[in-house]
Structures are given as structure tokens and as C-alpha cells.
Amino acid sequence: MIFYFSATGNSWGEDCTECLACLHLCPVQAIQYGKGTESKGRYKNPNVSIDEMKINK
Ligand code: SF4
């Protein structure tokens, strides 16, 4: 597991590389890093496509 959703709080799991793509790419800003990101904007590198970020198994 990479990201855990729970009633008591969400957290990143042990397989997370802390790339923060989930935080920056969520269209409704559902992922926050504490209180610090609630009022901050999001960034997506325009030179990297979503397809290039996918894990290929
Ligand atoms: S997108 Fe990045 S930061 Fe978010 S859970 Fe996956 S590895 Fe972790």
C-alpha cells in the first residue's frame, strides 16, 4: 500500500517515495500535508506527462 485512507486520518505507507504527485495532481485538493498545504497552490511539471509518471507492472 502506498496511501491509506481511514476514519482516523490518512497517511502515506512504507512504499511511498514521497514524490507528492498525489498531493499536487488531485483535482479537488483532497490530499494535504498537514495544515501547511491547505492554502497553497499545486504544481505539475509541464514537461512530464501523467503517462510518464505511471508505474508499469
Ligand atoms: S503519489 Fe507519490 S507521494 Fe503520493 S502516495 Fe504515491 S509515491 Fe507517495
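In this text, all values refer to a predicted model and were calculated from it rather than measured experimentally. (Residues numbered from 1 in each chain as written. Predicted model: local features only at pLDDT ≥ 70, side-chain atom pairs only at ≥ 80, totals over all residues.)

Caption draft 1: Highlighting the overall build of the chain. Per the secondary structure count, the chain includes 2 helices and 2 strands. Taken from N to C terminus, the helices and strands of the chain fall in the order β-β-α-α. Principal-axis analysis of the C-alpha atoms places the extent of the chain at approximately 35 × 30 × 15 Å. Relative to its 57 residues, the chain shows a buried fraction of 0%. (Helix = DSSP H or I, 4+ residues; strand = E, 2+ residues; numbered from the N terminus. Buried ≥ 20, exposed ≤ 12 C-beta atoms within 10 Å, placed from the backbone.)

Caption draft 2: Seen up close, unusual backbone geometry. Phi is positive for L20, which is not a glycine, with a value near 65 degrees. With respect to the helices and strands, the residue L20 is situated in the loop between β2 (11-12) and α1 (21-25). The backbone phi angle of Q29 is positive, close to 55 degrees, even though this residue is not glycine. Here Q29 shows up in the loop between α1 and α2 (50-53).

Caption draft 3: Just the environment of N45, in detail. Along the chain, N45 turns up in the loop between α1 and α2. Residue classification places N45 among the exposed positions, given that 10 C-beta atoms sit within 10 Å. Taking the C-alpha atoms as reference points, N45 and H24, separated by 21 residues in sequence, lie 9.9 Å from one another.

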